[in-house]
Amino acid sequence: MQSAFCNAVLYANGVVPELGKSPGVNARQVWARMASQMIVKSEVANRWGGCTIWVVQDVLMAYIGAQTGLRLEELRSPDWTLGEVNVVSANINNPDDFTLYSGPIHASAPGEACWAQLLSAPSIPDVDALATKLTDNRIISTFTF
């Protein structure tokens, strides 16, 4: 990490001509923190008699739909609803291209789509597949000194 940071600073200041490889943003971790705040702040606003309307870029909503257990299609809504989490997803290049998602924080019935699913995994891998990967002894690379 230290060398990646130093390289990034040197590149930004024109000392080195190319940016070396370095770790990127852990988008899942950043989004998980944002999601928990969205749920908590919406829950507080609802309890106090208010409401929340979140505005999120469509690219982020696509990421959320792919990387979490949230069933976005089931939360699409023609109108926002008091007492629920409401999210407007907009295309930054086309303001007329937007989607409204509205739904409860927690499911009131089994199987109902809700925003708490943001914190769920999109799928759970089979434990045997994981064990196979962990015990695979094939050589995948060779280092030469």
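Residues numbered from 1 in each chain as written. Predicted model: local features only at pLDDT ≥ 70, side-chain atom pairs only at ≥ 80, totals over all residues. Heavy atoms only, no water.

K.L.:
Let's hear about helix H2 (residues 27-47): which residues, and what values?
P.N.:
A turn of α-helix holds 3.6 residues, and therefore any two residues three or four places apart point the same way. A rise of 1.5 Å per residue sets the reference length of H2, with its 21 residues, at 30 Å; its end C-alpha atoms lie 30 Å apart and thus fit the reference within 8%. Those residues of H2 that are buried are in contact with strand E1 (52-57), helix H3 (58-67) and strand E2 (85-91). Looking at the residues trailing H2, positive phi occurs at Gly49, about 90 degrees. (Helix = DSSP H or I, 4+ residues; strand = E, 2+ residues; numbered from the N terminus. Expected span 1.5 Å × (residues − 1). Contact = heavy atoms within 4.5 Å.)

K.L.:
Got a sec to walk through the state of the cysteines? Specific residues and values, please.
P.N.:
Tallying each qualifying case throughout the model produces zero disulfides. With no disulfide of its own, Cys114 lies closest to Cys51 among cysteine sulfurs, the gap being 19 Å. Since its relative accessible area comes to 7%, Cys114 is described here as buried. (Disulfide = S-S within 2.5 Å. Buried < 20%, exposed > 50% of the residue type's maximum accessible area, 1.4 Å probe, protein only.)

K.L.:
So, the sheet that holds E2: which residues are in play, and what are the values?
P.N.:
What the three strands build is an open sheet, ordered E1-E2-E3; its pairing is mixed. Only two strands of the sheet have a single partner each, and these edge strands are E1 and strand E3 (94-103). Strand-to-strand, the axes of this sheet are offset by a mean angle of 25 degrees, without reference to chain direction. By the bridge criterion, six bridges tie E1 to E2 in an arrangement that is parallel. Following the sheet pairing, Trp54 is matched in E2 by Val87. Helix-sheet contacts for H2 involve E1 and E2, and the interaxial angle to E1 is about 155 degrees. Most of the contacts of H3 go to E1, to which it runs at about 95 degrees, and overall it touches E1, E2 and E3. (Pairing = 2+ DSSP bridges. Axes fitted to C-alpha atoms, helices over the stretch in contact; angles between N-to-C directions.)

K.L.:
Lay out the pattern of salt bridges in plain terms, naming residues and giving numbers.
P.N.:
All told, the structure shown has three salt bridges when counted by the stated rule. Across the pair Arg71 and Glu74 runs a salt bridge, and its minimum N-O distance is 2.8 Å. On the accessibility criterion, Arg71 (29% relative accessible area) is partly exposed. Linking Arg138 and Asp136 is a salt bridge whose minimum nitrogen-to-oxygen distance equals 2.7 Å. (Salt bridge = Lys/Arg side-chain N within 4 Å of Asp/Glu carboxyl O.)

K.L.:
I'd like to hear about the nonpolar core, residue by residue, with values.
P.N.:
Of all hydrophobic cores here, the largest spans 17 residues; its most connected members are Met61, Leu70, Val87, Tyr101, Trp115 and Leu118. With four residues, the single largest contributor to this core is H2. For Tyr101, the contacting residues outside a window of four places in its chain are Met61, Leu72, Leu75, Arg76, Ser77, Val85, Asn86, Val87, Ser89 and Trp115. (Core = buried A, V, L, I, M, F, W, Y, C linked by side-chain atoms within 4.5 Å.)

K.L.:
Report on the environment of Val40, specifying residues and quantitative values.
P.N.:
Tracing the backbone through its elements, the reader meets Val40 in helix H2. Exposure remark for Val40: the relative accessible area of 42% places this residue in the partly exposed category. Measuring from C-alpha to C-alpha, the distance between Val40 and Ile105 comes to 9.1 Å, with 65 residues separating the pair along the chain.

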